[in-house]
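Secondary and tertiary structure notes
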Amino acid sequence: MLNVLVVDDEPKHRQGLSRMLKNLRPEYHIFNARDGAEALERMETHPIDLVFTDIQMPIMDGLEFVERLTLRGGSESVVILSAYSDFAYAQRALQLGASDYLLKPVEAQKVTPLLQKAEHKAGAMREATIESALFELLEGSPAETDINLLQRSFSGWRRGISLGAVIHTSGADRKRMLSLLKRMLAHIMEEAGLAHAFYVTDQWLVGVILSADAAFDVTCALEAKLQELMDHFRNDHGRELTFGLGMYFTEWGQGAQLSYQQARFALQSLFYDGPGKLYKSDQQNPKGPSTIIHLDAGKLAKAILSGKKDDIQACLKTELDRTLAQGHPDPSRLKYSVAASIHHVTSLLREKGVSHLPDAVFEGALMRCSRMDELRETALQWVLDMANHIDQRRQCKSETVVDSCKAYIEANYGEEDLSLSTLAVKFHFNPSYFCILFKNHTRMTIHQYITHIRMRAAASQLLQTSQKVYQVAENVGYRDVKYFIRLFRKEYGTSPDEYRHLSATRI
């Protein structure tokens, strides 16, 4: 139903067009004015959707009237009534903001498409205005005018419920899918005889469903239809659609806002239980999000330092399960809480001398998680990467210590008391652990490596000096010559004298 204003200084034309409009659309409200000035006065007291205006009029002609409307910034459609001789004026009116023109005399078959066009525009404008008011009510700070508009637009309803929907895709495709969903939902509600309003954000669709029936039950009336929609998007578009329903409300304001909050809370269940379902809030005992419990950073740090993957995984699982046992918190809050807890673990490890631990990449990945199992896996990869980093540093440190030990042996092989015990004391390690560490890196025990270096030095001295065998033995750390000869023979397969003789013969 439109409010239409006919502006013409000739009573016959004005009344004739008014009658024609009333015959074509009996439900319309038709208003009249003799010139542009009177038309502006009418528009101050009556909201107008469509204006038919002549060009040649006294006091304020059609061109000035159209220009004033354009400057005024209204949303009404304007149709110029033009005679052939006024066509240049009609063109100017179109430039000033008029939407269409009709040649006089006006014919009904040419008016009908203009009415349809104006109806579509007015409907879209009213829908946008209602959506804006609903958005302010549910997500912003509604003014009294927003609530009044909703009350006027939806008179006679007695029970309503809020609905939220998420389609699991991204970017432009999400916007396209949500727009399609909005049209399909509107069609379902119209078929069911239910008043409704939906708006689309970058992330999801929100709306209210209103019924004149005080006992309206969405489960009985619409649940099967919503399931059909979810199946349609899964099968025909390859997209998962998830719905969340709030509690029933009977008044605009706090009732609708609480229902909306419940719909959003219901939708959080998809993070924990997966998409493609209809989630409903507890109508009788609605519960709020649980309090976040931070993970025990001390236990987790200890598990990481142990380097045992199974222990780390078990500790993280225990801590997350303990948090979720209190309820399902808002996924964003949960992700921030887990990230903060792992940062706390990082701080504890740094206090123990562990530096340069990775965090930024894993934190970003954690915040992008859309499912609980994703969050578990990402958090586990984060702490396991810490453990790997620590293990690599340990390996690096071990290699450095072993290299230093080897260099010390090579420089001090002549010391008679050079042994595992003296080296362990020097490099501050338990002798048993140091022996294992050294063998893991060199494939020799420390005793074997000392002997190897001493025999290599002895062989060099036998070839390059004329010292006696006992002197060479003392030089490389052995006072017992017989023991030295036995070790040398084991290393080179011959005695020291034979080694010197055979080497001289080859030369």
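Residues numbered from 1 in each chain as written. Predicted model: local features only at pLDDT ≥ 70, side-chain atom pairs only at ≥ 80, totals over all residues. Heavy atoms only, no water.

**Considering the packing of helix 1 (residues 11–24) against helix 5 (residues 108–139)**
The contact between helix 1 and helix 5 brings their axes to 11 Å, and the two run at 65°. Crossing hand, helix 1 versus helix 5: right-handed. Residues Met20, Leu21 and Leu24 of helix 1 form the contact with helix 5, whose participating residues are Ala108, Val111, Thr112 and Leu115. (Axes fitted to C-alpha atoms, helices over the stretch in contact; angles between N-to-C directions. Helix = DSSP H or I, 4+ residues; strand = E, 2+ residues; numbered from the N terminus. Left-handed = near helix turned anticlockwise from the far one by under 90°. Contact = heavy atoms within 4.5 Å.)

**Notes on the sheet that holds strand 7 (residues 195–200)**
Reading across the sheet, the five strands line up as 7-8-6-9-10 and stay open at both edges, with mixed pairing between neighbours. Taken across any chain shown, the strands that pair with only one partner, and hence form the sheet edges, are strand 7 and strand 10 (278–280). Within the sheet, the average angular offset between the axes of one strand and its neighbour, ignoring direction, is 20°. Of the strand pairs in this sheet, strand 7 and strand 8 (residues 205–211) are connected by six bridges, and their pairing is antiparallel. The residue bridging Phe198 from the neighbouring strand is Gly207, located in strand 8. Across the face of the sheet, helix 7 (residues 171–191) comes into contact with strand 6 (159–167), strand 7, strand 8 and strand 9 (241–249) while running at roughly 180° to strand 7. (Pairing = 2+ DSSP bridges.)

**Here we look at helix 13 (residues 331–351)**
Since there are 3.6 residues in each turn of an α-helix, residues three or four apart along the chain are aligned in direction. The first and last C-alpha atoms of helix 13 sit 30 Å apart over 21 residues, in line with the 30 Å expected at 1.5 Å per residue. Listing the buried residues of helix 13 in full gives Pro331, Leu334, Lys335, Ser337, Val338, Ala339, Ser341, Ile342, Val345, Thr346 and Leu349. Two or three places before Ser332, at the start of helix 13, stands the capping residue Asp330, its side-chain oxygen 2.7 Å from that residue's backbone nitrogen. (Expected span 1.5 Å × (residues − 1). Buried < 20%, exposed > 50% of the residue type's maximum accessible area, 1.4 Å probe, protein only. Polar contact = N/O pair within 3.5 Å; in protein donor to acceptor, adjacent residues only side chain to side chain.)

**Structural notes on the layout of surface pockets**
Here the second largest pocket defines a volume of roughly 570 Å³. At the level of secondary structure, the elements contributing two or more residues to the lining of the second largest pocket comprise helix 5 and helix 6 (144–153). No other element matches the seven residues that helix 5 contributes to the lining of the second largest pocket. Residue classes in the lining of the second largest pocket are distributed as eight nonpolar, seven polar and six charged. (1 Å grid on protein atoms, 1.4 Å probe; cavity = no way out; pocket = protein on both sides within 12 Å on 5 of 7 lines; lining within 4 Å. Points joined across faces, edges and corners; volume = space filled by probe spheres on them. Nonpolar A, V, L, I, M, F, W, Y, C, P; charged D, E, K, R; others polar.)

**Focus: the pattern of salt bridges**
Under the defined criterion, the tally for this structure stands at 20 salt bridges. What emerges from the salt-bridge pattern is a single network uniting Asp8, Asp54 and Lys104. (Salt bridge = Lys/Arg side-chain N within 4 Å of Asp/Glu carboxyl O.)

**Re a nonpolar patch on the surface**
The grouping of Phe87, Leu94 and Tyr101 at the surface amounts to a nonpolar patch, some 230 Å² of accessible area in total. If you trace the backbone, Phe87 turns up in helix 4 (residues 87–96). A relative accessible area of 32% places Phe87 in the partly exposed class. (Patch = residues over 30% accessible without salt bridge, like charges linked within 9 Å, V, L, I, M, F, W, Y side chains within 5 Å. Areas by Shrake-Rupley, 256 points an atom, 1.4 Å probe, with all protein chains shown as cover.)

**Here we look at the nonpolar core**
If you look at the biggest cluster of nonpolar residues, it comprises 32 residues, and the most contacted ones within it are Ile304, Val338 and Leu375. Taken together, the elements giving at least two residues each to this core come down to helix 10 (269–273), helix 11 (297–306), helix 12 (309–324), helix 13, helix 14 (360–367) and helix 15 (372–411). If we ignore the near neighbours within four places in the chain, the residues touching Val338 are Leu295, Leu320, Leu366, Leu375 and Ala379. Formed by 27 residues, the second largest nonpolar core is a distinct cluster that contains Leu181, Leu185, Leu205 and Ile209. (Core = buried A, V, L, I, M, F, W, Y, C linked by side-chain atoms within 4.5 Å.)

**Here's the deal with the sheet that holds strand 2 (residues 29–33)**
In spatial order, the strands read 2-1-3-4-5; together these five strands make up an open sheet with parallel pairing. Since the sheet does not close on itself, it has two edges, and those belong to strand 2 and strand 5 (100–103), each with one partner. Each neighbouring strand pair of the sheet contributes to a mean axis angle of 20°, computed without reference to strand direction. As paired elements, strand 1 (residues 3–7) and strand 3 (residues 50–54) share four bridges and run parallel to each other. Bridge pairing in strand 3 links Val7 to Thr53. Lying over the sheet, helix 3 (residues 62–72) contacts strand 1, strand 3 and strand 4 (77–82), oriented at roughly 155° with respect to strand 3.

**Considerations on the environment of Ala314**
Mapping Ala314 onto the fold places it in helix 12. A relative accessible area of 40% means that Ala314 is categorised as partly exposed. A sequence separation of 75 residues divides Ala314 from His389, and the C-alpha atoms of the two residues are 19 Å apart.

**Some thoughts on helix 12**
Helix length check: helix 12 (16 residues) gives 22 Å between terminal C-alpha atoms against 22 Å at 1.5 Å per residue, within 8%. Those residues of helix 12 not exposed but buried are Ile312, Cys315, Leu316, Glu319, Leu320, Thr323 and Leu324. Buried residues of helix 12, seen end-on, are gathered within an arc of 165° and therefore sit on one face of the element. (Arc of directions from axis to C-beta.)

**Looking at the packing of aromatic side chains**
The geometry of an aromatic ring pair is captured by the separation of the ring centres together with the interplanar angle, meaning the angle of the planes. As enumerated under the stated definition, the model contains 16 aromatic pairs in all. Ring geometry for Phe484 and Phe488: centres 6.0 Å apart, planes at 50°, overall tilted. Of the two residues, Phe484 and Phe488 both sit in helix 20 (residues 481–492), four residues apart, roughly one turn of that helix. Take Phe488: its relative accessible area is 0%, and that puts it in the buried class. Grouped by ring-pair contacts, the aromatic residues Tyr478, Tyr483, Phe484, Phe488, Tyr492 and Tyr499 constitute a single cluster. Across from the ring centre of Tyr248, 3.7 Å away, lies the NZ or CZ of Arg159, which sits over that ring. A cation over an aromatic ring shows up here: Arg454 above the ring of Tyr478, its NZ or CZ 4.9 Å from the ring centre. (Phe/Tyr/Trp six-rings, centres within 6.5 Å; stacked < 30°, edge-to-face > 60°. Lys NZ or Arg CZ within 6 Å of the ring centre and 35° of its normal.)

**Some details on the side chain of Ser162**
Secondary-structure assignment places Ser162 in strand 6. Its relative accessible area of 1% is what places Ser162 among the buried residues. Here the side chain of Ser162 touches Tyr260 through a polar contact of 3.2 Å, landing on its backbone nitrogen. If we ignore the near neighbours within four places in the chain, the residues touching Ser162 are Gly207, Val208, Gly244, Leu245, Gly246, Met247, Phe249, Ser259, Tyr260 and Ala263.

**Some remarks on the pairing of strand 4**
With respect to burial, strand 4 is a largely interior element, six of its six residues being buried. Burial along strand 4 is two-sided: Ser77, Val79 and Leu81 and Val78, Ile80 and Ser82, pointing in opposite directions, are all buried. On the question of chirality, the crossover connecting strand 3 to the parallel strand 4 by way of helix 3 is right-handed. For strand 4 and strand 5, the ladder comprises four bridges, and the chain directions are parallel. Residue pairing across strands places Val79 opposite Asp100, the latter belonging to strand 5. (Right-handed = clockwise from strand over helix to strand, strands pointing away.)

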